[in-house]
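So you can see what is in the structure, the chains are spelled out below.
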Amino acid sequence: MRKFKYVAGLAVLAAGFSTAHADTLDVVKERGVVHCGVTTGFAGFSAPDAKGVWQGLDVDLCRAVAAAALGDAEKFKAVPLSSQQRFTALQSGEIDLLARNTTVTQQRDTALGAISAGVNFYDGQGFLVPKSLGVNSAKELDGASVCMQTGTSNENTMADWARANNITYKPVVIEQFNEVVNAFAAGRCDVFTTDASGLASIRISKLSNPDDYQVLPEIISKEPLGPFVRQGDDRWLNVVKWSLQAMIGAEELGITSANVDEKLKSENPNVKRLLGVTEGAGKNLGVDEKWAYNIIKQVGNYGESFERNVGKGSALQIERGLNAQWTDGGLMYGLPVR
Ligand SMILES: N[C@@H](CCC(=O)N[C@@H](CS)C(=O)NCC(=O)O)C(=O)O
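All values derive from a computational prediction rather than experimental measurement.

What counts and how
Residues numbered from 1 in each chain as written. Predicted model: local features only at pLDDT ≥ 70, side-chain atom pairs only at ≥ 80, totals over all residues. Helix = DSSP H or I, 4+ residues; strand = E, 2+ residues; numbered from the N terminus. Rg over C-alpha atoms; globule rule 2.2 N^0.38 Å. Buried ≥ 20, exposed ≤ 12 C-beta atoms within 10 Å, placed from the backbone. Contact = placed C-beta atoms within 7 Å. Near = placed C-beta within 6 Å. Nonpolar A, V, L, I, M, F, W, Y, C, P; charged D, E, K, R; others polar. UniProt positions renumbered as here; feature names shortened; annotations may be inferred. Pairing = 2+ DSSP bridges. Arc of directions from axis to C-beta.

## Quick notes on the overall build of the protein chain
Helices and strands together make up the secondary structure of the protein chain, namely 14 helices and 14 strands. Relative to a compact globule of 338 residues, whose C-alpha radius of gyration would be 20 Å, the protein chain shows 21 Å and is just as compact. Each principal axis of the C-alpha atoms in the protein chain carries an extent, and together these give about 60 × 60 × 40 Å. The burial tally for the protein chain puts 43% of its 338 residues in the buried class. Counting only contacts in the protein chain whose residues sit at least 6 apart along the sequence, the fraction spanning at least 24 positions is 74%.

As structure tokens, then:
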């Protein structure tokens, strides 16, 4: 029995090792579907709609990668993961990419075997409180109980911030998203802390009376959120990284899902290269020359995705802010496709 367990353990290790070192672009082309790690349901970023179809800013990234790698934005499978499960799922090969409101940190980019493929939402950590608590600033939170989710960067950020501000608090840390939200709604903690986008989403989509709650003005950290792949998988890293860049760059160039066919006639060399009229970028990535055309036609540019999922066209009504184009005072700066 003992021996059996040992051998089984070795087999699991070996399977994990070989998966982690495969060329994911080849695996995805062979399989014909992208396995994309998302949340268990976080409106605006990754959640199933009324028809059970996954939607969101992060899900659009799953779609963009499927469009670039396979020519069809619907050839992806959303794999729901809690905050705690996400990096193990990436390391083991269960998913090809993680597109799930994940903060880029030095530790994740090094010690966790993951590597960031860009930033699709610049965020920061904040606090959500019931108005009945009578608190208008995070500085008044001394002695509060604070709900947060296991396996998030929010746990350490909260501890650092509290120490620096001489605030004591009681952490209420729960693994499953719905359980932590329910604990907060039931008053088992005074405050919910996570990324500001998460708080906006929880307030609108998870709490029965959103007007009974407010987000406090303090933002206590930088939370650049974006997709991750496994380390040592450079061709795949490039496909994911440049799929995001194509969406950001298309917005800057004024290319939308509605006008992309018209733009095929553009004389602008940057447009011609992005849309594959001038060939080369696709070959360099190991995908079809129409990779970016397919993303823009089937998913849209970054601004379209932002407004539809989290901005003006959504319940969340998040302002572009830091996520505006650099030409509009934001941080979205598409890297040149040339
Ligand atoms: N950006 C932070 C927090 C991300 C995170 O996992 N947030 C929670 C709270 S909003 C979440 O998305 N939960 C959804 C789930 O577990 O399905 C991180 O990368 O650690």
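That covers the picture; the talk isn't over yet.
## Concerning the site of the ligand
In the vicinity of the ligand there are 18 residues, among which T39, T40, S83, F177 and G198 approach most closely. Of all elements in the fold, only β11 (191-195) and β13 (223-225) reach the threshold of two or more residues within the shell around the ligand. Of the residues contributing to the shell around the ligand, the split by class is three nonpolar, 13 polar and two charged.

## Observations concerning the UniProt feature "domain: Solute-binding protein family 3/N-terminal" (unreviewed entry) in the protein chain
Here, UniProt's "domain: Solute-binding protein family 3/N-terminal" (unreviewed entry) annotation points to residues 33-263. Helix makes up 34% of residues 33-263 and strand makes up 23%, while its end C-alpha atoms are separated by 29 Å.

## Some details on the pairing of β11
For β11, the buried fraction is high: five of the five residues fall into the buried class. By the bridge criterion, four bridges tie strand β8 (residues 125-130) to β11 in an arrangement that is antiparallel. Note on β11: the bridge partner recorded for G126 is T194. Relative to β11, strand β9 (residues 145-149) runs parallel, the two being bridged by two bridges. By the bridge assignment for β11, C147 is matched with F192.

## A few points about the pairing of strand β1 (residues 34-38)
Burial of β1 is extensive: four of the five residues sit out of reach of the surface. The pairing of β1 with strand β4 (residues 76-80) spans five bridges and is classified as parallel. Across the sheet, the residue bridging to V34 is F76, located in β4. The pairing of β1 with strand β5 (residues 97-98) spans two bridges and is classified as parallel. For C36, the partnering residue across the bridge sits in β5 and is L97.

## Topic: helix α7 (residues 177-185)
Those residues of α7 lying buried are F177, V180 and F184. The buried residues of α7 occupy one face: seen down the axis, they fall within an arc of 70 degrees. At its buried positions, α7 is contacted by β9, β10 (170-174) and β11. Count one or two residues on from α7 and you reach G187, which has phi positive near 80 degrees.

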